[in-house]
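# Notes for the structure review
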Amino acid sequence: MKLKPGLYEQLVTAELRALLDDPAWVAQVEALGTDAAPDLLARHVFDTAHRVLGGIGGRDRLQRQLHVTNRLLTLLGELAPGEVEAGDVVTPGLLLSLLRAQQAGLGLGRLRRPGIPLRHSELIVNGPRDLRVGLEIARELPSADRVDLLMSFVKWSGFVELREALATFCAHGPLRVLTTTYMGATEHEALEALKELGAEIRVSYDPRRTRLHAKAWLFHRDSGFSTAIIGSSNLSHAALRDGCEWNVRLSQRDSPSLLAKFRTTFAQYWEDPSFEAYDPERFRLVLGARRDAGRDALASLVRLRPLPHQQAVLEALQAERQAGHTRNLVVAATGTGKTVVAAL
């Protein structure tokens, strides 16, 4: 273990205590609080167990890993009677991946799984050799029981990108959507299409009060393996496919507190009076007013001023016009502002 100066939240182990005795270090330590203790101690046990189990090799590797795991569970049961049950023992090295009710003799059938294991969190960056967030959302939908979507900008191009996956999901599960008229970016065509699929939509019509800029999906699974995708991608073609976007896929198994906060916060937004039921006519009116106001504001802010080389072109054009030449050709390199010259 090597120490570097900086902030820590590290349990003081016997090894660390010996290193801190070095007079070269000035260490600040504090008592372990009862609230933080279960998380910190469990994480320490996890890290140690992960290192030990990962170091087991040989042909009987799995059997030895199971043996060590069950011995550890047995010891926990002995140290804390009643806290560990016999049913917690891992047998016989199998992993449950799907459970369905038997229906009309059809058996379990097949269900498309997400591209990322349900127990893992992952960063999605839309890279050429990385995961694409649009594809991962489409893979998450089939196995979800319910979906909550908090999306600042809902575009028709984004809906088209996920139309098939959304239609398949909405045929069996509820979809709740929260969005806004903020910046006039959400398109009523997209909301109409979501409504036709059966989505329940609520909109914040007052962008001055609710400047929603969040982009987040929550895929509820009653099995306890819910997941979420939170990041920068709006519901648009570019954001879902190849835009320079960063999104985090969170798993309930390794981030239960974050998903719990997502559920609670979304529920608060859903019941907030500032989010009202989607009304097509009202939405179009508000959006139209918003876009007109935006154009007026832009017109008042934009003042085109020529750069020196552009001013020289404008003066030359003026001289040609005064000489009676009203059809002139401007030749200039890319990036020097031919569009600005034309506008002025």
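It should be noted that the structure appears before, not after, this text.
Residues numbered from 1 in each chain as written. Predicted model: local features only at pLDDT ≥ 70, side-chain atom pairs only at ≥ 80, totals over all residues. Heavy atoms only, no water.

### A closer look at the nonpolar core
- In this structure, Ile137, Leu175, Leu194 and Trp217 are the most contacted members of the largest nonpolar core, which totals 35 residues.
- Those elements that place two or more of their residues in this core are α4 (133-140), β2 (146-151), α5 (156-170), β3 (175-180), α6 (188-197), β4 (200-204), β5 (215-220) and α9 (280-301).
- For this core, the leading source of residues is α5, giving six residues.
- With residues up to four places along the chain from it excluded, the contact list for Leu194 reads Val154, Phe159, Leu166, Leu175, Val177, Ala199 and Ile201. (Core = buried A, V, L, I, M, F, W, Y, C linked by side-chain atoms within 4.5 Å. Buried < 20%, exposed > 50% of the residue type's maximum accessible area, 1.4 Å probe, protein only. Helix = DSSP H or I, 4+ residues; strand = E, 2+ residues; numbered from the N terminus. Contact = heavy atoms within 4.5 Å.)

### What to know about the packing of α5 against α6
- Where α5 meets α6, the axes come as close as 10 Å, and the angle between the chain directions of the two elements is 5°. Classified by the interaxial angle, the pair formed by α5 and α6 is roughly parallel. Contact residues: Trp156, Phe159, Leu166, Ala167 and Cys170 in α5; Glu189, Ala190, Ala193, Leu194 and Leu197 in α6.
- Residue composition of the contact of α5 with α6, by class: nine nonpolar, no polar and one charged. (Axes fitted to C-alpha atoms, helices over the stretch in contact; angles between N-to-C directions. Parallel < 35°, antiparallel > 145°, perpendicular 65-115°, else oblique. Nonpolar A, V, L, I, M, F, W, Y, C, P; charged D, E, K, R; others polar.)

### A word on the pairing of β4
- Relative to β4, β3 is paired through five bridges, and the arrangement is parallel. The residue bridging Arg176 from the neighbouring strand is Glu200, located in β4.
- Read as a crossover between parallel neighbours, the route from β3 over α6 to β4 is right-handed.
- Summarising the sheet, β4 and strand β8 (residues 275-277) pair through three bridges and their orientation is antiparallel. (Pairing = 2+ DSSP bridges. Right-handed = clockwise from strand over helix to strand, strands pointing away.)

All we've got here are geometric facts, nothing functional implied.
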